[in-house]
Amino acid sequence: QVQLVESGGGLVQPGGSLRLSCAASGSIFSISNMGWYRQAPGKQRELVANIFSGGRTNYADFVKGRFTDSRDNAKNTLYLQMNSLKPEDTAVYYCNANIWEYRDTRERDYWGQGTQVTVST
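**Q** What's the story with the pattern of salt bridges in this structure? I'm lost.
**A** A side chain with one charge may pair with a side chain of the opposite charge, provided their charged atoms come close. Across all of its chains, the model carries five salt bridges by this definition. Across the salt bridge formed by D61 and K64, the nearest N and O atoms sit 3.1 Å from each other. Take K64: its relative accessible area is 51%, and that puts it in the exposed class. Salt-bridge contacts for R108 lead to D104; the nearest nitrogen and oxygen are separated by 2.6 Å.

This is the structure we're talking about:
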């Protein structure tokens, strides 16, 4: 069974940096799109950034120039380097991936359990 496990969240001061990781495991044949979403208290989940298997990336306007999305296809791992963090970046960050398992008939959508990022003094 496929699992996505995030790590790297925590408490950081404004202006600081964090690096999130998301490792996919299981009977994986291929992964196309991988991305990061976030959800702050009382708000809807929103896209932060995503990256396709060929490396093309897409960023939400509120993180452009501050966050960098990357992936290691050999390790089935997604990263999010977050710099110049702001208090409004505080949220639970979720990893998402479109994965085709061996012996499955189609690609499916998977989510991690989330990792808390808190930006505060």
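Having seen the model, we can carry on.
**Q** Sorry if this is basic, but what is going on with the packing of aromatic side chains here?
**A** Enumeration over the complete set of coordinates arrives at two aromatic pairs. Ring plane angle 70° and centroid distance 5.4 Å describe the contact between F29 and Y102, whose orientation is recorded as edge-to-face. With F29 in strand β4 (residues 28-39) and Y102 in the loop between β9 (91-101) and β10 (108-111), the pair connects residues that are 73 residues apart, well separated along the chain. Owing to a relative accessible area of 52%, F29 belongs among the exposed residues under this scheme. Residue class for Y102 comes out partly exposed when judged on its relative accessible area of 46%.

**Q** Got a minute to help me understand the pairing of β9 in this structure?
**A** If a strand is regular, its side chains alternate between the two faces of the sheet. Summarising burial for β9: nine of the 11 residues are buried, a large majority. Strand direction decides the pairing type here: β9 and strand β11 (residues 115-119), joined by three bridges, are antiparallel. Across the sheet, Y93 pairs through a bridge with T115, a residue of β11. Across four bridges, β9 lies against β10 in antiparallel orientation. By the bridge assignment for β10, I99 is matched with R108.

About the cut-offs
- Residues numbered from 1 in each chain as written.
- Predicted model: local features only at pLDDT ≥ 70, side-chain atom pairs only at ≥ 80, totals over all residues.
- Heavy atoms only, no water.
- Salt bridge = Lys/Arg side-chain N within 4 Å of Asp/Glu carboxyl O.
- Buried < 20%, exposed > 50% of the residue type's maximum accessible area, 1.4 Å probe, protein only.
- Phe/Tyr/Trp six-rings, centres within 6.5 Å; stacked < 30°, edge-to-face > 60°.
- Helix = DSSP H or I, 4+ residues; strand = E, 2+ residues; numbered from the N terminus.
- Pairing = 2+ DSSP bridges.

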